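Below, each chain spelled out in residue letters.
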Amino acid sequence: MAEQLSADFVVIGSGILGAITAQHFLILGASVLILEAGPRVTRDEIVVRFRNSPRKSDWMSPYPAAPWAPHPVYQPKDDGYLVQAGPYPYPAEYIRVVGGTSWHWAAQAWRMVPNDMRIKSLYGVGVDWPFSYEELDPYYQQAEEIMGVAGAPNTGSPRSKPFPMQPVAEPYAMRRLRERLAPVYAVVGNTVARNSRTYGGRPACCGNNSCQPICPIDAQYHGGIAAADAEAAGAKLIPNANVYRIEHDAQGRIAAVHYYDPDKASHRVTGKTFILAANGIESPRLLLLSASDKYPQGLANSSGMVGRNLMDHPSTSLTFDAEEELWLGRGPQSPNSINTLRDGAFRAEHAPYRLDFTNISRVAGATQALIDQGVYGPELEKRLRYSAAHELNVKNVLEVLPHPDNRITLSDQKDAMGIPKPQAHYAIDEYTRKGAEVSKADFARIAELMGGSNLRYSKDGSFANNQHICGTMSMGKDAKTSVVNEFGRCHDHENLFITSTGVLPTAGTCNSTQTGLAVALRTAEHILPKSAAPGTPGAPTQGATR
């Protein structure tokens, strides 16, 4: 066994939540060690990989998996890392590198609406959160100031202070959508962790249409920035450190974690407080892998709820041809939404949803579709030009309720390091399917208002995945039905905290990172002595360079 390492705070995972949480502890003069399973990556190498990839719509193509830290890859073929156990596939895409999956996110930084946190009390579905939206508001604000969030206040999510930045410039196609839909729908700019002006030493968005899989100029915030800031502040970050077991003492306190390096040499890391900050698949996997005689179901699992209540945001969609030329592809990929269907009494019967408009260039997709139809030559050029100019797409972003049978477990298959792979058991219930059915009327009305023709609905019963992993380690006040308390501390282990979107008890209709970070900031403040509680550590210094 290699040499032992030790720190006051040991953080497992270097994504946005883990890296920003780590920065809070540094103000105490404490030692902080961050362990990341995957390798370091740089923006320039990711851009080169994307430029050279023949699969421009495959957002994982610039992020090949390391053999010692595999992650799910589906193209050109499924690597089989995330084992599917049915009844509905859950093709999660996440990246195990320094900085985590937000390297390739769309940077949507929505807040929930207040009623998202009281759906059991109000609508008789799901569960209630252990605290209110009002309690989370200041931490949402901290998250927005750290990442640099641009937005408009008309999204249905109340706030006590303004956004750090004004909205990013609206693309022409989105302006025309907003204008033509205005009699029926209020189209608003998406709330995004993307600069509309210089912020945090990073430039304003210049309109590149590759936010996913990579912003080439770093106008968009991501975990690589958070990790670099944590290291600059004094944290020690060890890449290629694949944690495979958490060790506890006789009293149930966490004593150490064990990780493999790429050569499968094992290292033991001791600490005082441990922060599990991997995603909602890898975190429960690690807790289950750490089963012992004292905890035969895995760590933090006396409730039997570790891995359960897996949630995401399934989508169905409509593609159609607008009557006017719009030319999607100028500016950010996902700039505008309709937010008025996120809440209401109907939630007792069916899922709420956002309606999200894509601004992804239609050239690659239309070209492939025409070639598949056998169209070539001048006819290809003519039809491609028409599709690229006129084609529009709108999708719903549907709520999924927490169900214990939707879960992550350990597979009997093992990865290249000999560690059991994660296995997904997933289904989409009638509540979500009803929401999708109701949204078809909105799809049709939007197409009508845009003078749409050639309407192509996604296949009935088929849902796209949005990669917003929630649940699996839900927070709550009752240790019999939850994994962590309202401050992210594991009910079973007093010095093990979880800062992950996996602790979110419900999913609502918004991307999970912003809410996950706000909850993580609340956890970090709780861990700190009150006398040392920070204002907004990690907030960027204007004009700083990186």
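Residues numbered from 1 in each chain as written. Predicted model: local features only at pLDDT ≥ 70, side-chain atom pairs only at ≥ 80, totals over all residues. Heavy atoms only, no water.

Caption draft 1: Geometry of helix α9 (residues 377–390). Taking 1.5 Å per residue, 14 residues should reach 20 Å; α9 reaches 20 Å between its end C-alpha atoms and fits that length. Of all the residues in α9, the buried ones are L380, L384, S387, A388, A389 and H390. Buried residues belonging to α9 abut β9 (317–321), α8 (363–372) and β12 (391–398). (Helix = DSSP H or I, 4+ residues; strand = E, 2+ residues; numbered from the N terminus. Expected span 1.5 Å × (residues − 1). Buried < 20%, exposed > 50% of the residue type's maximum accessible area, 1.4 Å probe, protein only. Contact = heavy atoms within 4.5 Å.)

Caption draft 2: Expanded view of the sheet that holds strand β13 (residues 407–414). A sheet is described by the order of its strands in space; here three strands give the open sequence β3-β14-β13, paired in mixed fashion. The open sheet has two edge strands with one neighbour each: β3 (83–87) and β13. Recorded for the sheet is a direction-independent mean angle of 30 degrees between the axes of neighbouring strands. Where β13 meets strand β14 (residues 420–426), five bridges bridge the pair, whose relative direction is antiparallel. What sits directly across from K414, in β14, is P420. Each of β13 and β14 touches helix α7 (residues 282–289); the most contacted strand, β13, lies at about 65 degrees to it. (Pairing = 2+ DSSP bridges. Axes fitted to C-alpha atoms, helices over the stretch in contact; angles between N-to-C directions.)

Caption draft 3: Spatial organisation of the nonpolar core. Ranked by internal contacts, the top residues of the largest apolar core, which has 132 residues, are L35, L181 and L287. Not counting residues up to four positions away in its chain, the partners in contact with L181 are V187, I338, F357, I446, L449 and M450. Judged by nonpolar contacts, the second largest core, of nine residues, contains I46, M60, Y63 and I214. (Core = buried A, V, L, I, M, F, W, Y, C linked by side-chain atoms within 4.5 Å.)

Caption draft 4: View of the packing of aromatic side chains. By the definition in use, this model includes six aromatic pairs. Here Y90 and Y426 contribute two aromatic rings whose centre-to-centre distance is 4.7 Å and whose plane-to-plane angle is 50 degrees, an arrangement assigned as tilted. Of this pair, Y90 sits in the loop between β3 and α3 (119–123) while Y426 sits in strand β14; the two residues are 336 residues apart in sequence, bridging distant segments of the chain. Each member of the pair, Y90 as well as Y426, is classed as buried. Both rings, one in W129 and one in F131, keep their centres 5.8 Å apart while their planes meet at 80 degrees; by these two values the pair is edge-to-face. Each of the two residues, W129 as well as F131, counts as buried. Across from the ring centre of F163, 3.6 Å away, lies the NZ or CZ of R159, which sits over that ring. We note K264 situated over the ring of Y260; from NZ or CZ to the ring centre the distance is 5.4 Å. (Phe/Tyr/Trp six-rings, centres within 6.5 Å; stacked < 30°, edge-to-face > 60°. Lys NZ or Arg CZ within 6 Å of the ring centre and 35° of its normal.)

Caption draft 5: A look at the side chain of E324. Along the chain, E324 falls in the loop between β9 and β10 (336–338). E324 sits in the buried class, given a relative accessible area of 15%. With near-sequence residues (within four places) excluded, E324 lies in contact with Y172, R176, R180, A389 and H390.

Caption draft 6: Examining the pairing of strand β8 (residues 266–276) more closely. Within β8, eight of the 11 residues are buried, which leaves it mostly tucked inside the rest of the structure. Both strand β1 (residues 5–12) and β8 contribute to a ladder of seven bridges, which runs parallel. By the bridge assignment, A7 is partnered in β8 with G271. Bridge analysis of strand β7 (residues 254–260) against β8 gives five bridges, and the strand direction is antiparallel.

Caption draft 7: Inspection of the side chain of K421 at higher detail. Looking at where K421 falls in the secondary structure, it is placed in strand β14. Among residues more than four places away in sequence, those in contact with K421 are D79, G80, Y81, V83, R285, T409, L410, S411, Q413, K414 and D415.

Caption draft 8: Examining the state of the cysteines more closely. Scanning the model with the defined rule gives zero disulfides in all. C211 forms no disulfide, and the closest cysteine sulfur to it belongs to C205, at a distance of 6.2 Å. With relative accessibility at 6%, the residue C211 sits in the buried group. Lacking any disulfide linkage, C470 is separated from the closest cysteine sulfur, that of C510, by 8.1 Å. According to the relative accessible area criterion, C470 is buried, its value standing at 1%. (Disulfide = S-S within 2.5 Å.)

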